[in-house]
Structure formats: structure tokens, C-alpha cells
Amino acid sequence: MTAGPWSYASWAALARLLLVPVLLAICAPSLSAAADEQSDAVKLVETVRQAAIVLGHGGPAESQLRSISAAFDGRGIAQAVLGTYWRRASADDRASVVDALLYAIAHRLAERLERTQDKTFTVLGTKALANGDILVRSEFRRPLHGPTSVDWRVRHCRGQLCIGDVFVDGGSVTVQQRDRVGQLLAGNGGSIPALVADLRKGRV
């Protein structure tokens, strides 16, 4: 008995069978790369945390500050914080603000994280955001306090992963800095050098 011609449904079923391995082969590298990138984001957060702990305990400040500063998107944060003042600032003033902001952020993190240890700090997971950023969710616990959530928004900058913002109990550090910096600039006539001095003195 000779088999008749295949129906459309038969050809469609065969096509699906052949297509699945092809799709898996195409998607597997991208899924693996995404997992590796999220793992790298967690490592970046851990590097910053360890540097903040050392800085908070009186360790070598210069090297820890460099480590923390290198992990952040200083230019992006400074632009968001300064707003319209960024466009009017000179290149030297912009560079000074970036350095001073990273200095302030590093010390703020040191204050918050110096008491965390491995047993009290937990990475809860990661989430890929629609714009390509990675959110690293974490929390730490202190004696006689409830858990404090710390979420780190990691993005690509300067050809590598960097931290674009930190959310402590849901509050954006960048937004907090922007509001305070706006008040300072409004009060000092828009002077960037005066702002930098305030940042260095821990007034933001």
C-alpha cells in the first residue's frame, strides 16, 4: 500500500519539530549570557559592599573610595542630580561634581553598611528590567531593627557594568541627592564650587 501525500497539518507538525531545536540553539547562548551578566551584577554589588564595610571600619580610605567610585555611573548620577545646572556647568565643574558626589555616596554607603556581615546581608535575587538594566535586590538586618531593603540598579556604562542608582527601603539615593542639591544650589546662587565644598563636608 502506497502512502498518500502528506497533509498540511503533517508538514506543520514536522516543521515545529525541526524548529524547536533551532530556537533552543539560538536562545541558549543569550539566556546563558543574561545569567552571567546578572551574576556579574551581584559580584559588583558585593564588591561595593565589602569596600563600604572596610571604609566604615576605618580601613584605607583612598583605595576603598576608588573601588566604590569605579563601580558607579558617576556622570549619569551627576547629570540626574544637577538637572539644568549640568548643562550650564563647565567641564572642570562637572568633573568636580562627579568626584564629590561619588565621595558623598561612598561615605553614605559606609555609614549604612558598615555593620552588615555575611550573616545579616542577603541577596534576594535579580531582575532584568525592560530597558536592559539589572535590579539586584538585597536586604540587611541589624540587631533590634527590622530588615532594610537595598536594591541596586546596575547598567552598562564605560563598556562595563556599573551602578546607576541605589534604593534604600524604596527611596532612590539619586532622587534624595537631587532634592538636597537643588536646595543647596538655590541657596548659594547656583555656585558649583560651593556645592562641591558642601558635598565634601558631608552636607548632602
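See the structure shown above.
Here the structure is a predicted model, which is why all the values come from computation and not from measurement.

**Notes on the overall build of the protein**
Here is step 1 of the chain: Across its full length, the protein holds seven helices and five strands.
Here is step 2 of the chain: If you list the helices and strands of the protein from N to C, you get α-α-α-α-α-β-β-β-β-β-α-α.
Here is step 3 of the chain: The buried share of the protein, taken over its 204 residues, is 35%.
Here is step 4 of the chain: For the protein, the accessible area works out to roughly 11,700 Å², and carbon and sulfur atoms hold 57% of it.

**Describing the pairing of strand S1 (residues 121–128)**
Side-chain direction in a regular strand flips from residue to residue, so the side chains alternate between the two faces of the sheet.
Here is step 1 of the chain: In this structure, S1 lies alongside strand S2 (residues 134–140), joined through seven bridges in antiparallel fashion. From the neighbouring strand, phenylalanine 121 faces S2, where its bridge partner is phenylalanine 140.
Here is step 2 of the chain: What sits between the antiparallel neighbours S1 and S2 is a turn of five residues, in which glycine 132 has the positive phi angle 100°.

**Observations regarding the sheet that holds S1**
Here is step 1 of the chain: Spatial strand order, S1-S2-S3-S4-S5: five strands in an open sheet with antiparallel pairing. Two strands close off the open sheet at either side, each with one partner strand: S1 and strand S5 (171–172).
Here is step 2 of the chain: With eight bridges joining them, strand S3 (residues 148–157) and strand S4 (residues 160–168) adopt antiparallel strand pairing. Opposite arginine 155, over in S4, you have cysteine 162 as the bridge partner.

**Quick word on empty space enclosed by the protein**
Here is step 1 of the chain: This model, assessed by the stated rule, comprises one cavity of 30 Å³ or more.
Here is step 2 of the chain: Approximately 40 Å³ is the volume found for the largest cavity.
Here is step 3 of the chain: Lining of the largest cavity is provided by Phe72, Ile77, Ile105, Asp165, Val166, Val173, Thr174 and Gln177.
Here is step 4 of the chain: Elements with a minimum of two residues in the lining of the largest cavity: S4 and helix H6 (173–187).
Here is step 5 of the chain: The element best represented in the lining of the largest cavity is H6, accounting for three residues.

Here is what the cut-offs are and how they apply
Residues numbered from 1 in each chain as written. Predicted model: local features only at pLDDT ≥ 70, side-chain atom pairs only at ≥ 80, totals over all residues. Heavy atoms only, no water. Helix = DSSP H or I, 4+ residues; strand = E, 2+ residues; numbered from the N terminus. Buried < 20%, exposed > 50% of the residue type's maximum accessible area, 1.4 Å probe, protein only. Areas by Shrake-Rupley, 256 points an atom, 1.4 Å probe, with all protein chains shown as cover. Pairing = 2+ DSSP bridges. 1 Å grid on protein atoms, 1.4 Å probe; cavity = no way out; pocket = protein on both sides within 12 Å on 5 of 7 lines; lining within 4 Å. Points joined across faces, edges and corners; volume = space filled by probe spheres on them.

None of the figures reported here should be taken as evidence of function without further support.
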